[in-house]
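Examining the three-dimensional arrangement
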Amino acid sequence: MSALHHRPRERMDLKHYLLSEVSVLMLAPRRVGKTWLMERVDDDLTREGHLCVRFDASGKGTEQAFLGALCNAIEKQKHLHEAVFDHLKQRLRQVAGGDVKDSLSQIVGQVDPKTFSECLVESLSRSDRKTVIMVDEFSLFALALASKDQDATRTLLYHLRSLQQSYRNVTWLLAGSVGLDVVARRFGLGGALLDLQPFGLAPFTEAEARSYLTHLADSGQLTRRLAIDDTVFEHLARELGWLAPYYLQRLGRELRPTGRPTGQGGGTGCATVTVADVDAAFAKLLEPSHRVCFSAWEEHIDKNFPDEDTRRLEAILNTCCQGPDGETENTLLAVLARQGSGVDRRALKDLTSSLANDGYLSRAEDRWRFRSGLLRRYWLEYMSA
Ligand SMILES: Nc1ncnc2c1ncn2[C@@H]1O[C@H](COP(=O)(O)OP(=O)(O)O)[C@@H](O)[C@H]1O
Ligand SMILES: [Mg+2]
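For clarity, every value in this text was computed on a predicted model and none was experimentally measured.

**Some remarks on the overall build of the protein**
- Regarding its fold elements, the protein presents 18 helices and eight strands.
- In terms of overall dimensions, the protein has C-alpha extents of about 75 × 65 × 35 Å along its principal axes.
- Going through the 385 residues of the protein one by one, you find that 38% of them count as buried.

What follows is the structure, given as structure tokens:
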């Protein structure tokens with residue numbers, strides 16, 4: 001029986017797409033659980049007899065390096081490798097002429113990347129089994145490539161698109177934490193992503209979060225076993241706002257229950273968490289020693305936008321963090337105008353929706369506010385000074 005927090009619905013949906021010739025682009029902020037989910041979908045599909053090739057594209061700065069990582073992933077699967085390799089060698093001999101080397105990783109350097117990937121995917125598609133190529137951190141790779149060579153990135157993305165169209169029984173699952181939509185808009189690459197099915201991975205629901213926290217406590221991953229009643233859990237969920245496994249884990253580790261022991265916990269009883277204990281754990285996470293837990297949020301704004309937009313996004317966040325209810329669009333427009341980086345309403349929409357996509361803000365009527373109370377307090381304390 002799979003637990004509530006094991007993402008059964010997402011796993012089914014992804015499996016369904018990938019086995020019905022639909023390639024997927026899974027975008028979600030860091031630490032929501034993309035890598036975890038990708039690994040599970042890999043296990044699920046493999047168990048059913050399909051072929052999966054999975055690799056992480058972060059740190060790959062060239063198309064060559066990207067394909068190298070793909071080859072390594074194939075080589076790790078002996079069975080798949082043998083099936084693909086003979087055919088691939090033969091094809092490459094035809095197109096490249098002469099001798100080809102004895103391992104996939106060596107051949108990558110011998111032939112131009114387009115020809116190589118075309119032959120590789122063609123070879124994979126000859127199998128009577130469905131093949132899924134899973135690429136983690138695809139948008140980091142696209143961003144790194146695009147900031148060096150925009151044309152090369154466009155060519156590569158369109159090439160991947162044509163591979164998806166030509167070889168329908170090889171599907172792709174691309175995951176990314178940096179919004180690839182931001183990358184695409186910044187570099188004018190939107191068209192290349194048209195055929196991908198977007199899949200947004202949301203943080204946990206309250207029920208899933210509770211199941212996850214209980215699992216952490218019961219499996220000894222927190223400092224102690226603990227009991228949380230419904231009211232206290234609701235308080236925790238409301239304050240946290242963004243129920244991603246990472247923050248639940250961090251918060252859980254800081255919980256020091258002081259409530260009266262319950263009858264649970266193997267006779268010894270486990271202490272009950274009180275509202276004050278939850279607040280103390282939040283306070284702990286906001287201490288300077290825990291800043292690193294939030295660095296991904298800072299870095300994303302800092303690194304992945306043109307300077308002018310970074311300044312605007314910072315101004316929006318600095319304004320919205322002042323209170324739990326956030327701010328109105330009119331106020332945000334005025335703030336931006338005042339700091340000399342004014343935008344019209346439409347451009348503000350682009351900025352706020354990008355912050356909403358990446359999990360920073362959510363909209364309630366005409367106000368934009370921080371989705372996570374914890375992140376809001378962090379931003380107020382450290383960023384908005
Ligand atoms: N559904 C889940 N059940 C249990 N643990 C999870 C789940 N999703 C994520 N995690 C854990 O949460 C942490 C962050 O997840 P990860 O997959 O690395 O996020 P991402 O790839 O989105 O940055 C990891 O420690 C991971 O094992
Ligand atoms: Mg990941």
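**Considerations on the packing of helix α11 (residues 230-240) against helix α13 (residues 275-285)**
- The interhelical angle for the contact between α11 and α13, taken along N-to-C directions, is 25°, at an axis separation of 9 Å. Judged on the interaxial angle alone, α13 and α11 are roughly parallel. For the pair α11 and α13, the crossing hand works out as right-handed. Across the interface between the two elements, V232, H235, L236 and E239 of α11 pack against V275, V278 and F282 of α13.

**Observations regarding the domain arrangement of the protein**
- In terms of domain boundaries, the protein breaks down into domain 1 (4-200), domain 2 (206-285) and domain 3 (294-383).
- Averaged C-alpha coordinates put domain 1 and domain 3 at centres separated by 33 Å.

**Re the environment of D344**
- In this structure, D344 sits in the loop between α16 (329-338) and α17 (345-357).
- For the pair D344 and L333, spaced eleven residues apart in the sequence, the C-alpha separation amounts to 7.4 Å.

**Remarks on the sheet that holds strand β7 (residues 361-364)**
- One open sheet holds the three strands; their spatial order is β6-β8-β7, and the pairing between them is antiparallel. Single-partner strands in this sheet number two, and they are β6 (327-328) and β7.
- Bridge count for β6 against strand β8 (residues 367-370) is two bridges, and the pairing is antiparallel. Within β8, the position partnered with E327 by the bridge is W368.

**Here we look at the sheet that holds strand β1 (residues 24-27)**
- Taken in spatial order, the five strands line up as β2-β3-β4-β1-β5 in an open sheet, and their pairing is parallel. Only two strands of the sheet have a single neighbouring strand rather than two, namely β2 (51-56) and β5 (197-200). Taken pair by pair, the neighbouring strands of this sheet meet at an average axis angle of 15°, ignoring direction.
- The sheet contacts of helix α7 (residues 138-148) involve β3 (131-136) and β4 (170-176), and relative to β4 the element is tilted by about 80°.

**Some words on the nonpolar core**
- In this structure, M26, L173 and L174 are the most contacted members of the largest nonpolar core, which totals 100 residues.
- Here this core takes seven residues from α7, the largest share from any one element.
- Among all residues touching L173, those that are not within four sequence positions of it are L14, L18, V24, M26, M38, V132 and M134.

**Thoughts on helix α15 (residues 307-320)**
- Between its terminal C-alpha atoms α15 stretches 20 Å, which fits the 20 Å expected from 14 residues at 1.5 Å a residue.
- Among the residues making up α15, those that are buried are R312, L313, I316, L317 and C320. Buried positions in α15, seen along its axis, are confined to an arc of 130° and lie on one side of it. Away from its buried face by more than 90 degrees, α15 exposes D307 and E308.

**Let's talk about the site of ligand 1**
- Around ligand 1 sit 15 residues in total, of which G33, K34, T35, W36 and P245 are the nearest.
- Elements with a contribution of two residues or more to the shell around ligand 1: α2 (34-47) and α12 (245-254).
- For the shell around ligand 1, the residue count by class is six nonpolar, five polar and four charged.
- Three or more residues apiece are contributed to the shell around ligand 1 by two domains, here domain 1 (4-200) and domain 2 (206-285).

**Describing unusual backbone geometry**
- Of note, the phi angle at R31 is positive, near 65°, even though the residue is not glycine.
- Looking at where R31 falls in the secondary structure, it is placed in the loop between β1 and α2.
- Under the C-beta neighbour-count criterion, R31 is labelled buried, with 21 such atoms within 10 Å.
- At E365, a residue that is not glycine, the phi angle is positive and equals roughly 50°.
- Among the structural elements, E365 can be located in the loop between β7 and β8.

**Points about the packing of α7 against helix α8 (residues 150-166)**
- Between α7 and α8, whose axes approach to 6 Å, the crossing angle comes to 140°. Comparing their axes, α8 and α7 come out oblique. Contacts between α7 and α8 involve A142, L145 and A146 on the former and, on the latter, Q150, A152, T153 and L156.
- Among the residues forming the contact of α7 with α8, the class breakdown is five nonpolar, two polar and no charged.

**Description of helix α10 (residues 206-218)**
- With 13 residues, α10 ought to run about 18 Å at 1.5 Å a step, and its terminal C-alpha atoms sit 18 Å apart, in line with that.
- When we look at burial in α10, the residues that qualify are A209, R210, Y212, L213 and A217. Down the axis of α10, the smallest arc covering the buried residues is 165°, so these residues share one side.

**Section: the pairing of β7**
- Direction of pairing for β7 relative to β8: antiparallel, over a ladder of four bridges. Bridged to A364 within β8 is R367.
- Linkage of β7 to β8, two consecutive antiparallel strands, is achieved through a turn of two residues, within which E365 is found at a positive phi near 50°.

Conventions adopted
- Residues numbered from 1 in each chain as written.
- Chains lettered and ligands numbered in written order.
- Predicted model: local features only at pLDDT ≥ 70, side-chain atom pairs only at ≥ 80, totals over all residues.
- Helix = DSSP H or I, 4+ residues; strand = E, 2+ residues; numbered from the N terminus.
- Buried ≥ 20, exposed ≤ 12 C-beta atoms within 10 Å, placed from the backbone.
- Axes fitted to C-alpha atoms, helices over the stretch in contact; angles between N-to-C directions.
- Parallel < 35°, antiparallel > 145°, perpendicular 65-115°, else oblique.
- Left-handed = near helix turned anticlockwise from the far one by under 90°.
- Contact = placed C-beta atoms within 7 Å.
- Domains from an automatic or database assignment.
- Pairing = 2+ DSSP bridges.
- Core = buried A, V, L, I, M, F, W, Y, C linked by C-beta atoms within 7 Å.
- Expected span 1.5 Å × (residues − 1).
- Arc of directions from axis to C-beta.
- Near = placed C-beta within 6 Å.
- Nonpolar A, V, L, I, M, F, W, Y, C, P; charged D, E, K, R; others polar.

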